[in-house]
Amino acid sequence: MKPKTIFLLAVLLVVAAAVTYTLTATESPEDYIERIEDERERQFKFIRFNIDSPLTEEQKRSFQALSFYPIDPEYKVIARLVPVVNKKVREVPMTDGTTERYIEHSYAEFTLKGFPLRLLLLQDINEVDKRNFFVAFADETSARETYGGGRYINARQTGKNSITIDFNLAYNPYCAYNPDYACPLPPRENLLPVPIPAGEKNYKD
């Protein structure tokens, strides 16, 4: 399996949890926090023990924990889904200088902490479930408290014209752990002019 595509396996770890809670409108704050904590524990176990982990065997021996911001339910938002009028395939730059192809599908528009924001939603050209989207973003924490190459969110359409964006589930690409991997860089549309202190922090070995 090519290194530049292996990072997509991480999607499988979070998409099941994302699908479940985004479709559950009656989830209590306590249940929500517990669900995110469980997801973070699964993420840690994958990185620490799984054969497809981006960590080398040497890194795994000293790896103790992932670093996250405190869970803040305010960073889970319901965004308005605004379709791209003329959808096209974008060649998304990778960290190694290559590109991968995604469909420019829609924009997610929302207000967070008083700031109006929007994110470009990309979709894998081979995606079977057309309600699933890939979000690569960077913000004012990037290259400071979080990985400089941005973070990812797996988002799922939750209504006819709405989508849930949960920054508490923002995670690092594989190249944040191991430079031998190549990962998609955030599109210019997703360079947010505000800090997003939610989700995974930078990895330090």
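Everything quoted here is computed from the prediction, not taken from an experiment. Per chain, the residues get numbers from 1 upward, laid out in the order the sequence is written. Restriction of local features to residues with pLDDT of at least 70 applies here, the model being predicted, together with a cutoff of 80 or more for giving and counting side-chain atom pairs; totals for whole chains, interfaces and linings are based on all residues. The side-chain quantities take in all heavy atoms of the structure and omit both hydrogens and water.

**A closer look at the overall build of the chain**
Logical step 1: Each helix is a run of DSSP H or I of at least 4 residues and each strand a run of E of at least 2, with the numbering of both proceeding from the N terminus. A count of helices and strands for the chain gives four helices and seven strands.
Logical step 2: The N-to-C order of helical and strand elements in the chain reads α-α-α-α-β-β-β-β-β-β-β.
Logical step 3: Partly exposed describes any residue whose relative accessible area lies between the buried limit of under 20% and the exposed limit of over 50%, with all areas from a 1.4 Å probe on protein chains only and scaled to the type maximum. Every one of the 205 residues in the chain was classed for burial, and the buried ones make up 50%.
Logical step 4: Any two residues whose heavy atoms approach within 4.5 Å at even a single point are treated as in contact. Nonlocal contacts in the chain, meaning residues at least 24 apart in sequence, comprise 64% of its contacts between residues at least 6 apart.
Logical step 5: Counting every atom, the chain has about 10,400 Å² of accessible surface; 53% of that belongs to carbon and sulfur. In these tables, accessible area is a Shrake-Rupley quantity obtained with a 1.4 Å probe, and a residue counts as shielded only by the protein chains included in the view.

**Here we look at the environment of Tyr 75**
Logical step 1: Along the polypeptide, Tyr 75 turns up in the loop between helix H4 (57-62) and strand E1 (76-83).
Logical step 2: Sequence separation between Tyr 75 and Pro 197 is 122 residues, and the spatial gap between their C-alpha atoms is 8.7 Å.
Logical step 3: The residues contacting Tyr 75, other than those within four sequence positions of it, are Leu 112, Lys 113, Ile 165, Asp 166, Phe 167, Asn 168, Pro 195, Ile 196, Pro 197 and Ala 198.

**Topic: a negative patch on the surface**
Logical step 1: In this analysis, a patch consists of residues with relative accessible area above 30% that form no salt bridge, clustered at 9 Å for like charges and at 5 Å for the nonpolar side chains Val, Leu, Ile, Met, Phe, Trp and Tyr. In the sections that follow, a salt bridge refers to a side-chain nitrogen of Lys or Arg positioned within 4 Å of a carboxyl oxygen of Asp or Glu. Charge assignment in this entry is limited to Lys and Arg as positive and Asp and Glu as negative, and neither His nor the chain termini are counted. Charge placement uses NZ in Lys and CZ in Arg. For Asp and Glu, CG and CD serve respectively. A cluster of acidic side chains, namely Glu 30, Asp 31, Glu 34, Glu 37 and Asp 38, defines a negative patch on the protein surface.
Logical step 2: One can find Asp 31 in helix H3 (residues 29-49).
Logical step 3: For Asp 31, a relative accessible area of 40% puts it in the partly exposed group.

**Focus on the packing of aromatic side chains**
Logical step 1: For Phe, Tyr and Trp, where Trp contributes only its six-membered ring, two rings pair if their centres lie within 6.5 Å, and the inter-plane angle classes them as stacked under 30 degrees, edge-to-face over 60, or tilted in between. For the coordinates displayed, the defined rule picks out nine aromatic pairs.
Logical step 2: The interplanar angle of 25° and the centroid separation of 5.3 Å between the aromatic rings of Phe 44 and Phe 63 together place this pair among those described as stacked. Of this pair, Phe 44 sits in helix H3 while Phe 63 sits in the loop between H4 and E1; the two residues are 19 residues apart in sequence, bridging distant segments of the chain. Each member of the pair, Phe 44 as well as Phe 63, is classed as buried.
Logical step 3: Geometrically, the ring pair formed by Phe 137 and Phe 167 is edge-to-face, given 5.3 Å between the ring centres and 80° between the ring planes. Pair noted here: Phe 137 is in strand E5 (residues 132-137) and Phe 167 is in the segment after strand E7 (162-166), with a separation of 30 residues, a long-range link.
Logical step 4: Cation placement over rings: the criterion is NZ of Lys or CZ of Arg within 6 Å of the ring centroid and within 35° of the ring normal. In this structure, Arg 118 is placed above the aromatic ring of Tyr 107, and the distance from its NZ or CZ to the ring centre is 3.8 Å.
Logical step 5: The ring of Tyr 69 is capped by Lys 201, whose NZ or CZ atom sits 4.8 Å from the centre of that ring.

**Observations concerning unusual backbone geometry**
Logical step 1: The phi dihedral of Lys 113 is positive, around 55°, even though this residue is not glycine.
Logical step 2: Take Lys 113: it is sitting in the loop between strand E3 (99-112) and strand E4 (115-124).
Logical step 3: Look at Lys 113 and you get partly exposed, because its relative accessible area is 44%.
Logical step 4: Notably, Ala 143 is not glycine yet its phi reads approximately 70°, a positive angle.
Logical step 5: Looking at where Ala 143 falls in the secondary structure, it is placed in the loop between E5 and strand E6 (151-159).
Logical step 6: According to the relative accessible area criterion, Ala 143 is exposed, its value standing at 64%.

**A look at the side chain of Arg 156**
Logical step 1: On the secondary structure map, Arg 156 appears in strand E6.
Logical step 2: Given the relative accessible area of 8%, Arg 156 is considered buried.
Logical step 3: Engagement of the side chain of Arg 156 in a polar contact is seen with the side chain of Asp 129, the distance being 2.9 Å. Pairs of N or O atoms within 3.5 Å make up the polar contacts considered here, provided that, within protein, one atom can donate a hydrogen while the other can accept it, and that residues adjacent in sequence are counted only when both atoms are side-chain atoms.

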